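So the chains spell out like this:
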There are 2 protein chains.
Amino acid sequence: MIQNLLNTIESCVALNKEDIALCEAYFEPVLYPKNRIIEEEGQIPRYLYFVVSGFIRLFSYDKDGNEVTSHINCPPGFITSYRHFSDQVPAGENLECISECHLLRISKKDLDYIINESPALKDFSIWVFQQSMSYNENRAKALATLTAEDRYLHFMKSHPDVLHNVPLQYIASFLGMNPKSLSRIRKKITGR
Amino acid sequence: MIQNLLNTIESCVALNKEDIALCEAYFEPVLYPKNRIIEEEGQIPRYLYFVVSGFIRLFSYDKDGNEVTSHINCPPGFITSYRHFSDQVPAGENLECISECHLLRISKKDLDYIINESPALKDFSIWVFQQSMSYNENRAKALATLTAEDRYLHFMKSHPDVLHNVPLQYIASFLGMNPKSLSRIRKKITGR
DNA sequence: CTGATTAAGTAACATTTGTGAAGTGCCGTT
DNA sequence: AACGGCACTTCACAAATGTTACTTAATCAG
């Protein structure tokens, strides 16, 4: 479990023994079943989650009450409503397990503590935050410039694992299109 | 000039005399003409800019070579390719003055220095960074869930000043639609 | 096993948005 | 004043996407 996290961190920054001990002491392993909502819209996000296995999403509702998926992780990676977690203000999104998920979680207080103790972990936490920023920038650019079909083709190439493990309706709303439009696009693509 | 900046900061955090002195010492006023590109794609962003007056945008190019505007500020506010400025890596976007602009700029080195000297300014810089994150989240959500017409209506209400001072072609690409589609939508709206 | 529920696919049609050609008005240059 | 360039508009048509209604397949509770 924890080794998975440490490998991910070390692919970005070098860790010494104290850094590793901090992670082992403050990241808590948890297991959630499929469809469990672990952070709720309107509540202050309690934890930052590292996904060891499973698939997880952020979603909210549009003006007609339809679910809109704004983030789908692929393990290994971090997920939370970053901005609301950092500010400790009520989130605008729900965090839901799409499948059974093995996670490692850390509270805001503990995260603040360990990044204050360890410069390497501080650098890493900034990196995680900035990755989330890139994610939204890239999503907005794709939505603004690509057709629905191109958005799907691009998603298919970059996240094949998500495609095979996440309901298509979630992927459709993440890609900013109707599930039936996604069906049509998928049919068109397989036929060539 | 600088008072405009200080007012903006103080609407978020309280400043003491030392904080104010730091801002006065390290933010440098600059004046750029209309259409000047002040940070270039592929280059490391040198400064964070505070817009005192004027309009400014971030833009890049899509696969067909068309300009895509990804951010249009309205004064007073900050602008830069935040992530690339923070990391000091080559930016993916150009920063261009849409009109003559009075700006206050600060280099990465100086920003790091003043936020290290002043907890209030550090809090504020984090807030600025997070505002930029919200901006992209909101843009992505609008692009994913609203029709072109609704995106324009929403933009019209929230940024009337931009609408009246920025070429419509820039607004169209920011809203993820063709300039002609925007023309049609504008015509439809005025006729009711 | 049966019936109910849900996700996904299909088809026909409606609506929205993109595209190409052409026109208007504005602004600056000469 | 005449000219060219540019931003914006307009129109007709094409293409993409949304919508409604229906079908299929898989899953789950009884």
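Higher on the page you've got the structure.
Residues numbered from 1 in each chain as written. Chains lettered and ligands numbered in written order. Predicted model: local features only at pLDDT ≥ 70, side-chain atom pairs only at ≥ 80, totals over all residues. Heavy atoms only, no water.

**Remarks on the environment of Gln-131 of chain A**
Looking at the secondary structure, you find Gln-131 of chain A in helix α5 (residues 119–145). Sequence separation between Gln-131 of chain A and Phe-78 of chain A is 53 residues, and the spatial gap between their C-alpha atoms is 9.7 Å. (Helix = DSSP H or I, 4+ residues; strand = E, 2+ residues; numbered from the N terminus.)

**Quick look at the pattern of salt bridges**
Residues and elements named next belong to chain A. Scanning the model with the defined rule gives 18 salt bridges over all chains in all. With a closest N to O distance of 3.1 Å, Arg-105 and Glu-28 form a salt bridge. Residue Arg-105 is located in strand β8 (residues 101–107), and its partner Glu-28 is located in strand β1 (residues 28–32); the two are separated by 77 residues in the primary sequence. On the basis of relative accessible area, Arg-105 is assigned to the buried category, the value being 14%. The exposure class assigned to Glu-28 is partly exposed, which follows from its relative accessible area of 35%. (Salt bridge = Lys/Arg side-chain N within 4 Å of Asp/Glu carboxyl O. Buried < 20%, exposed > 50% of the residue type's maximum accessible area, 1.4 Å probe, protein only.)

**Structural notes on the interface of chain B and chain A**
Across the contact, 26 residues belong to chain B and 26 residues belong to chain A. Both faces combined, the contact of chain B with chain A buries some 2,300 Å², and carbon together with sulfur accounts for 57% of it. There are two salt bridges connecting chain B and chain A. Taking the shortest distance from any N to any O, the salt bridge between Arg-83 of chain A and Glu-137 of chain B comes out at 3.2 Å. The tally of links between chain B and chain A comes to six residue pairs in polar contact (both at pLDDT 80 or more). Listing elements by their share of the side of chain B that touches chain A, those giving two or more residues are β4 (56–61), α3 (82–87) and α5 (119–145) of chain B. For the side of chain B that touches chain A, the leading source of residues is α5 of chain B, giving 13 residues. Across the side of chain B that touches chain A, the residue classes tally to eight nonpolar, ten polar and eight charged. (Contact = heavy atoms within 4.5 Å. Buried area = accessible area lost by both parts, 1.4 Å probe. Polar contact = N/O pair within 3.5 Å; in protein donor to acceptor, adjacent residues only side chain to side chain. Nonpolar A, V, L, I, M, F, W, Y, C, P; charged D, E, K, R; others polar.)

**Here we look at the relation of the copies chain B and chain A**
In the superposition of chain B on chain A (RMSD 0.0 Å, axial shift 0.0 Å), the rotation amounts to 180°. A rotation of that kind, with that shift, is consistent with a two-fold axis. Measuring from the rotation axis to each C-alpha of chain B, the shortest distance belongs to Ala-140 of chain B, at 2.2 Å. A share of 100% of the interface residues of chain B reappears at the interface of chain A, consistent with the copies meeting face to face through the same patch. (Least-squares fit on C-alpha atoms with pLDDT ≥ 70 in both.)

**Thoughts on the protein's contact with DNA strand C**
Taken together, 15 residues form the shell around DNA strand C, and within it Leu-168, Ser-183 and Lys-187 of chain A together with Ala-148 and Ser-181 of chain B come nearest. Among the atoms of DNA strand C close to the protein, meaning within 4 Å, 63% are from sugar or phosphate groups. For DNA strand C, a base nitrogen lies 3.0 Å from a polar atom in the side chain of Lys-180 of chain B. Contacts to DNA strand C include Arg-184 of chain B, whose side-chain N or O atom sits 2.8 Å from a base nitrogen. If you list the elements that add at least two residues to the surface near DNA strand C, you get α8 (168–174) and α9 (179–190) of chain A together with α6 (148–158) and α9 (179–190) of chain B. When residues of the surface near DNA strand C are assigned to their parent elements, the largest contribution, four residues, is made by α9 of chain A. Residues that form the surface near DNA strand C fall into these classes: four nonpolar, five polar and six charged. (Near = heavy atom within 4 Å.)

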